[in-house]
Amino acid sequence: MNKLVFFLGPAGAGKTTLAKIVAPRRKAAFFDMDVLMRPAADIIMTMHGFDPEDRDSANYKRLCRDLGYRLTMDAALDNLAIGLDAFVVGPFTKEAADPDWIAAELAKIGQSLDTIEVKVVIVMLENEQLFRERIAARASKLDEWKFKNWEQFKKALNERSVNWPIPKDFVLRIDNSSPEVGKTAQRVEDFIYGEKTWTEQADFSFQR
């Protein structure tokens, strides 16, 4: 049974890093919404007179968000349809909250939760300061809005929920605060492919 694995979490949590470590080990197709959407987002935002490097404002979400998710999922579904595992990286906040969303997506390629194993890795950090440090360390212009509007942005650092009808042990909540990212990635790989069942329930209600 092929696997569709979602790496969810706020910016800076390290979800892309973890996915990129595990994907080549297992020859899984890898889809990062930020990468897939960037060429179109640059053009769309510029055409409307907005900052092409903005990825967080209400204007970006209005003009580009849904298109980004559509592009990402179409690419992932196309790879699932030819028998590849697919790793998908992105916040997916609205989608994860919709119990019917995942089944509707799989139905587009004639599949279901009975034929595709869907797992979710929710990646978080232990505190707000670590998020700031990790985001600053990647030195991306796409993060400038976050720092200029931190009070607004930090609302996105809250715990995520997944309301899809998948087994509870198909959702891994993992604290990626440790600098030993290789060990964390191994735990993620064991969760996705191994016989172990990870049920870590870390407390992500950190103080800001």
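Residues numbered from 1 in each chain as written. Predicted model: local features only at pLDDT ≥ 70, side-chain atom pairs only at ≥ 80, totals over all residues. Heavy atoms only, no water.

### Focus on the layout of surface pockets
The volume enclosed by the largest pocket comes to roughly 1,100 Å³. Breaking the lining of the largest pocket down by element, the ones donating at least two residues are α1 (15-26), α2 (33-47), α3 (58-81), α4 (93-97), α6 (128-137), α7 (144-148) and α8 (150-153). (1 Å grid on protein atoms, 1.4 Å probe; cavity = no way out; pocket = protein on both sides within 12 Å on 5 of 7 lines; lining within 4 Å. Points joined across faces, edges and corners; volume = space filled by probe spheres on them. Helix = DSSP H or I, 4+ residues; strand = E, 2+ residues; numbered from the N terminus.)

### Notes on the sheet that holds strand β5 (residues 171-175)
An order of β2-β3-β1-β4-β5 is seen for the five strands of this open sheet, with the pairing classed as parallel. Every interior strand has two partners, whereas the edge strands, β2 (29-32) and β5, have only one. Strand-to-strand, the axes of this sheet are offset by a mean angle of 15 degrees, without reference to chain direction. Summarising the sheet, strand β4 (residues 116-124) and β5 pair through five bridges and their orientation is parallel. Its bridge partner lying in β5, Val120 is registered against Val171. Each of β1 (2-8), β3 (86-89), β4 and β5 is contacted by helix α9 (residues 181-193), which is oriented at about 175 degrees to β5, the strand it contacts most. (Pairing = 2+ DSSP bridges. Axes fitted to C-alpha atoms, helices over the stretch in contact; angles between N-to-C directions. Contact = heavy atoms within 4.5 Å.)

### Details of α3
Because an α-helix packs 3.6 residues into every turn, residues spaced three or four apart end up facing the same way. Between its first and last C-alpha atoms α3 spans 34 Å; for 24 residues at 1.5 Å apiece the expected length is 34 Å, and the two agree. At Cys64, α3 is deflected by roughly 50 degrees, the largest bend along its length. Taken residue by residue, α3 has Tyr60, Leu63, Cys64, Arg65, Gly68, Tyr69, Thr72, Met73, Ala76, Leu77, Asn79 and Leu80 as its buried positions. Immediately beyond the C-terminal end of α3, within one or two residues, lies Gly83, with a positive phi of roughly 90 degrees. (Expected span 1.5 Å × (residues − 1). Bend = angle between axes of the 7 residues up to and from the residue. Buried < 20%, exposed > 50% of the residue type's maximum accessible area, 1.4 Å probe, protein only.)

### Side note on the packing of α2 against α3
The interhelical angle for the contact between α2 and α3, taken along N-to-C directions, is 140 degrees, at an axis separation of 9 Å. As far as their axial angle goes, α3 and α2 are oblique. Taken as a pair, α2 and α3 cross one another with a handedness that is right-handed. Every residue of α3 that contacts α2 at Met33, Leu36, Met37, Ala40, Ala41, Ile44 and Met45 is listed here: Asn59, Tyr60, Leu63, Cys64, Leu67, Gly68, Tyr69, Leu71 and Thr72. Residue composition of the contact of α2 with α3, grouped by class: 13 nonpolar, three polar and no charged. (Parallel < 35°, antiparallel > 145°, perpendicular 65-115°, else oblique. Left-handed = near helix turned anticlockwise from the far one by under 90°. Nonpolar A, V, L, I, M, F, W, Y, C, P; charged D, E, K, R; others polar.)

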